[in-house]
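# Architecture and fold: a report
Each chain, letter by letter, is given below.
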Amino acid sequence: MSSAPLAGAVRLPDGVWVRGRGLRRPLPAGDLPDYGLYLGGSALRKRHEPSLTWPHDWVFWRDGLLPKDWGLTARRLLDLHERARAGQAVEIACHGGLGRTGTALASLATLSGLSSRAAVRWTRDHYHRRAVEMPWQRLYVSWFARHVAGKRAEK
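To keep things clear, this report deals only with the structure shown in the data block.

About the cut-offs
- Residues numbered from 1 in each chain as written.
- Predicted model: local features only at pLDDT ≥ 70, side-chain atom pairs only at ≥ 80, totals over all residues.
- Heavy atoms only, no water.
- Helix = DSSP H or I, 4+ residues; strand = E, 2+ residues; numbered from the N terminus.
- Buried < 20%, exposed > 50% of the residue type's maximum accessible area, 1.4 Å probe, protein only.
- Contact = heavy atoms within 4.5 Å.
- Areas by Shrake-Rupley, 256 points an atom, 1.4 Å probe, with all protein chains shown as cover.
- Lys, Arg positive; Asp, Glu negative; His and termini not counted.
- Charge placed at Lys NZ, Arg CZ, Asp CG, Glu CD.
- 1 Å grid on protein atoms, 1.4 Å probe; cavity = no way out; pocket = protein on both sides within 12 Å on 5 of 7 lines; lining within 4 Å.
- Points joined across faces, edges and corners; volume = space filled by probe spheres on them.
- Nonpolar A, V, L, I, M, F, W, Y, C, P; charged D, E, K, R; others polar.
- Core = buried A, V, L, I, M, F, W, Y, C linked by side-chain atoms within 4.5 Å.
- Patch = residues over 30% accessible without salt bridge, like charges linked within 9 Å, V, L, I, M, F, W, Y side chains within 5 Å.
- Salt bridge = Lys/Arg side-chain N within 4 Å of Asp/Glu carboxyl O.
- Pairing = 2+ DSSP bridges.
- Axes fitted to C-alpha atoms, helices over the stretch in contact; angles between N-to-C directions.

What the protein chain contains, in helices and strands, is 5 helices and 5 strands. Taking the principal axes of its C-alpha atoms as reference, the protein chain extends roughly 40 × 35 × 30 Å. Sorting the 155 residues of the protein chain into buried and exposed places 49% on the buried side. Nonlocal contacts in the protein chain, meaning residues at least 24 apart in sequence, comprise 62% of its contacts between residues at least 6 apart. Roughly 7,700 Å² of accessible area belongs to the protein chain as shown, and the carbon and sulfur atoms make up 51% of that amount. Side-chain charges of the protein chain comprise 25 positive and 13 negative groups, with the mean position of each set lying 6 Å from the other.

Written out as structure tokens, the structure reads:
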């Protein structure tokens, strides 16, 4: 697919399109996602669940922190990536769209072979300059690059 399937989507280094956004902002105009992955706690989920009328999953990930279950988060990110590779319009979102969403996008960028550092830089250059807000969020990107993207590349 040569053009973005969703308004505001970014093209990852491997050519896959993913939209990142903040749930606190209105849904962008245009097509609805085929699938969404939402990153937040129970309050965020309760507030936004009724408006998410398309297939989606939630990962428990409190603002400013790291996901509660790193392995589950990785599996959900890989599932979203496979859906996007198959041509589905996908999005990732948290409340503000920067820390958690940026961390998830940077993790996905490592699937193309970028180092975790390069993936964070890529995400800040192509998605938002303040993406991956907290130093410990870079730790998750590094873990994902070593334990998920690295093992996937070995196959």
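Moving on from the model shown.
This next bit is on the layout of surface pockets. Looking at the largest pocket, its volume works out to about 170 Å³. Here the residues of the lining of the largest pocket sort into 5 nonpolar, 6 polar and 3 charged.

The subject of this paragraph is the nonpolar core. Of all hydrophobic cores here, the largest spans 34 residues; its most connected members are Val18, Leu39, Leu77, Leu80, Ile92, Leu108 and Phe144. Elements with a minimum of two residues in this core: strand S3 (35–40), helix H2 (70–85), strand S5 (90–94), helix H3 (99–109), helix H4 (116–126) and helix H5 (135–154). Ranked by residues supplied to this core, first place goes to H5 with 6 residues. Grouped together as the second largest cluster of nonpolar side chains are 7 residues, Leu44, Leu52, Trp54 and Ala93 included.

As a rule of thumb, non-glycine residues mostly have phi less than zero, and peptide bonds are mostly trans rather than cis. Not every positive phi belongs to a glycine, and Val132 is a case in point at roughly 60 degrees. Position of Val132 among the secondary structure elements: in the loop between H4 and H5.

Together, Leu65, Trp136 and Leu139 line one region of the surface with nonpolar side chains, adding up to about 300 Å² of accessible area. Along the chain, the position of Trp136 falls in helix H5. On the accessibility criterion, Trp136 (41% relative accessible area) is partly exposed.

A separate point is the sheet that holds strand S2 (residues 17–22). Sheet architecture is open: 5 strands sit in the order S1-S2-S5-S3-S4, paired in mixed fashion. Two strands close off the open sheet at either side, each with one partner strand: strand S1 (9–11) and strand S4 (56–60). On average, each strand axis in the sheet is tilted by 25 degrees relative to the strand beside it, whichever way the strands run. Sheet analysis places S2 next to S5, joined by 4 bridges and oriented parallel. The partner of Gly20 across the bridge, within S5, is Ile92. Along the sheet, H2 makes contact with S2, S3, S4 and S5, crossing S3 at roughly 155 degrees.

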